[in-house]
Every structure is written in structure tokens, then in C-alpha cells.
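# Topology and contacts: notes
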Amino acid sequence: SKSLRDEFLFAVCGLCGGSIYFIAENTALEYTLVSNVSLITAISPLLTTFLVGLIYKNERPGKGIYVGSVVALIGVACVIFNSSFVVKMNPIGDLLSLSAALSWAVYSVVLRKLNAVYSVMFISRKTFFYGVLTAVPYMLTEPEMSSPEVLLRAEVWPHMLFLGVFASMVAYVIWAQSVKHLGAITASNYIYLQPIVTLVASVIILSETITIVGYVGCGLILGGLWLGDYLTRTKP
């Protein structure tokens, strides 16, 4: 990197976009419902919008962005509760989920700054390095570590390959490119589409059924994204 300050920002990317995000999200699943985790982590685009408005005074988002985000978030809730409506509050799990959402928002904002100076591949490489480095202390304290022999099983390798290549390397490079070309706010708002993709995949792969609540949720998500963009473009 070109300075110690930039190296610190790379460390923040690895910490917030890597270790904290995944550790907080996965640990939250031990304490609360999957629907809670999905819904709370889905507010990361809204948190990103707040952070950008707070840090960059000359780039404060208009009210249209907030209105669209809220509508899309309601849609996310509908999609998550497509098959059943179950809400169970658990302070530890919910706070961990909120920490994951906030850490991803911080990562997106810092990424926006680094993208102006460094290439996407360089940033991704640094993010992975610091992500693994900061996750090691947590891994060493975990009492239930799997035996290294598990990695020798043939059925494990396809899963490791998918998680390592597609869900990690490719996904992070695409995300960095998106933030670079669209900006942190616009790129983050597309995260609201994730529940729709998940819902469609569950129908195709698992033969699950989409209820009327799921259809309404998909409509609200798409409508919220359109509304935010429309109100921003037509702002006087």
C-alpha cells in the first residue's frame, strides 16, 4: 500500500468485511432464528446510506433513498416470512446480527475510499489476508474445531471449492467492482434483491412454494428500489 493509513483501511476491510461479519452472523444463528438473522442483516444497505451521509457531507443521500430503502426492507421481511411468520426476540443473537449488518456497512464505505486509489484485485487480496489474520484468534478459542481429517474426504471438496472460489473470491471481486462503478449506496441497495434470488432458488432446487406474502415481498423490494431511484432523479 502507499501509506500506513491505507494499510490500516485494508485491515478495517478485512476485519469488517471478513472476520467480524461472518463470525457475528454465524454465531447469531446459534442464539436466534434464521429469519431474525436474515431480516436484521438485510438492513446493511440502510446503514450504509446513513454512514455515507454522515461521513461525506457533500454526498448526503436524499429522502427518496431512505423511503425506497424502507419499502424494500418491508419487502425483505415479507420474503423471509414467506412460509411462516415466526418472530422470537433474542438479545444476544439479534445484537450479533446487527453487528454483522453494521460491519458490512463499514466495509462498503471504506471500500469506496480505497477503490479510488487501488485496483479491485489488490483490495480483494488485502481484504482476504486481513480477514483470515483477524479470524485466527477466534478460531483458536473455539473448543469444537473439526478434525483436519475432514478435509481429506472427497465429498467435502466440492463444498470447499464452491465456498472458497464462488462464495468468497468471485463474490468479493464482483462486490468491489460494483462499489467502484455504482458507489457504496447504489451497490448496497441491490443487496435487497438477495431474498428474491434465494426465494426463486428454493423453488427451483427445493421445490418450495411461494405464498402470497412472498409475492408481495418481491413486489415491494422491486418497487422500493425503483421508488428510491425515481425520487432521487426527480428531486428538484
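Above this note sits the structure.
What counts, and where the lines are drawn
- Residues numbered from 1 in each chain as written.
- Predicted model: local features only at pLDDT ≥ 70, side-chain atom pairs only at ≥ 80, totals over all residues.
- Heavy atoms only, no water.
- Phe/Tyr/Trp six-rings, centres within 6.5 Å; stacked < 30°, edge-to-face > 60°.
- Helix = DSSP H or I, 4+ residues; strand = E, 2+ residues; numbered from the N terminus.
- Buried < 20%, exposed > 50% of the residue type's maximum accessible area, 1.4 Å probe, protein only.
- Disulfide = S-S within 2.5 Å.
- Axes fitted to C-alpha atoms, helices over the stretch in contact; angles between N-to-C directions.
- Parallel < 35°, antiparallel > 145°, perpendicular 65-115°, else oblique.
- Contact = heavy atoms within 4.5 Å.
- Nonpolar A, V, L, I, M, F, W, Y, C, P; charged D, E, K, R; others polar.
- Core = buried A, V, L, I, M, F, W, Y, C linked by side-chain atoms within 4.5 Å.
- Polar contact = N/O pair within 3.5 Å; in protein donor to acceptor, adjacent residues only side chain to side chain.
- Expected span 1.5 Å × (residues − 1).
- Bend = angle between axes of the 7 residues up to and from the residue.
- Patch = residues over 30% accessible without salt bridge, like charges linked within 9 Å, V, L, I, M, F, W, Y side chains within 5 Å.
- Areas by Shrake-Rupley, 256 points an atom, 1.4 Å probe, with all protein chains shown as cover.
- Salt bridge = Lys/Arg side-chain N within 4 Å of Asp/Glu carboxyl O.

### Details of the packing of aromatic side chains
What the rule picks out here adds up to 13 aromatic pairs. Between the aromatic rings of Trp-104 and Tyr-172, the centroid separation amounts to 6.0 Å while the plane-to-plane angle is 70 degrees, which identifies the pairing as edge-to-face. Separated by 68 residues along the polypeptide, Trp-104 in helix α5 (residues 91-114) and Tyr-172 in helix α7 (residues 156-182) bring together distant segments of the chain. For Tyr-172, a relative accessible area of 7% translates into the label buried. When the ring of Phe-128 is compared with that of Tyr-172, the centres are 5.3 Å apart and the planes differ by 70 degrees; the resulting orientation is edge-to-face. One end of the pair, Phe-128, is in helix α6 (residues 120-141); the other, Tyr-172, is in helix α7, and 44 residues separate them in sequence. According to the relative accessible area criterion, Phe-128 is partly exposed, its value standing at 31%. Ring pairing ties together the aromatic residues Tyr-21, Phe-22, Trp-104, Tyr-107, Phe-128, Tyr-172 and Trp-175, which thus form one cluster.

### Some thoughts on the state of the cysteines
Scanning the entire structure with this criterion turns up zero disulfides. Cys-218 takes part in no disulfide bond, and the closest cysteine sulfur, belonging to Cys-78, lies 9.5 Å away. Residue Cys-218 is classed as buried on the basis of its relative accessible area of 15%.

### Details of the packing of helix α4 (residues 63-80) against helix α10 (residues 212-233)
Helix-helix packing is described using two parameters, namely the angle between the two axes and the distance between the axes. Two numbers describe how α4 lies on α10: the axes approach to 7 Å, and their chain directions differ by 170 degrees. With respect to each other, α4 and α10 are oriented roughly antiparallel. On the side of α4, the interface is formed by Gly-64, Ile-65, Val-67, Gly-68, Val-71, Ala-72, Ile-74, Gly-75, Val-76, Cys-78 and Val-79, while α10 contributes Val-213, Gly-214, Gly-217, Cys-218, Leu-220, Ile-221, Gly-224, Leu-227, Gly-228, Leu-231 and Thr-232. A per-class count over the contact of α4 with α10 returns 14 nonpolar, eight polar and no charged.

### Points about the nonpolar core
With 47 residues, the main nonpolar core has Trp-104, Tyr-107, Leu-111, Leu-114, Trp-175, Tyr-192 and Ile-221 as its most contacted residues. Of all the elements, α5 adds the most residues to this core, at nine residues. With near-sequence residues (within four places) excluded, Trp-175 lies in contact with Trp-104, Tyr-107, Ser-108, Leu-111, Ala-187, Ser-188 and Ile-191.

### A few points about the side chain of Ser-19
With respect to the helices, strands and loops of the structure, Ser-19 is situated in helix α1 (residues 4-28). The class of Ser-19 is buried, set by a relative accessible area of 5%. Here Leu-15 takes part through its backbone oxygen, which lies 3.2 Å from a polar atom of the side chain of Ser-19.

### A few points about the side chain of Glu-25
On the secondary structure map, Glu-25 appears in helix α1. The exposure class of Glu-25 is buried, given its relative accessible area of 18%. Contact partners of Glu-25, with chain neighbours within four places excluded, come to Ile-20, Val-37, Thr-41 and Ala-100.

### Topic: the environment of Cys-16
Here Cys-16 lies in helix α1. On the basis of relative accessible area, Cys-16 is assigned to the buried category, the value being 11%. C-alpha of Cys-16 to C-alpha of Tyr-130: the two residues are 114 residues apart in sequence and 9.8 Å apart in space.

### As for α7
The terminal C-alpha atoms of α7, which comprises 27 residues, lie 36 Å apart, in line with the 39 Å expected from a rise of 1.5 Å per residue. The largest bend in α7 comes to about 35 degrees, at Ala-171. Of all the positions in α7, only Val-156, Tyr-172, Val-173, Trp-175, Ala-176 and Val-179 are classed as buried. Against α1, α5, α6 and α8 (184-189) lie the buried residues of α7. Taken from the residues just after α7, Gly-183 is the one with a positive phi, measuring 95 degrees.

### Quick word on a nonpolar patch on the surface
A grouping of Val-200, Val-203, Ile-204, Ile-205 and Leu-206 is seen on the molecular surface, where their side chains present a nonpolar patch of about 490 Å² in accessible area. Within the secondary structure, Val-203 is located in helix α9 (residues 194-206). A relative accessible area of 31% means that Val-203 is categorised as partly exposed.

No statement about biological role is implied by the geometric values presented.
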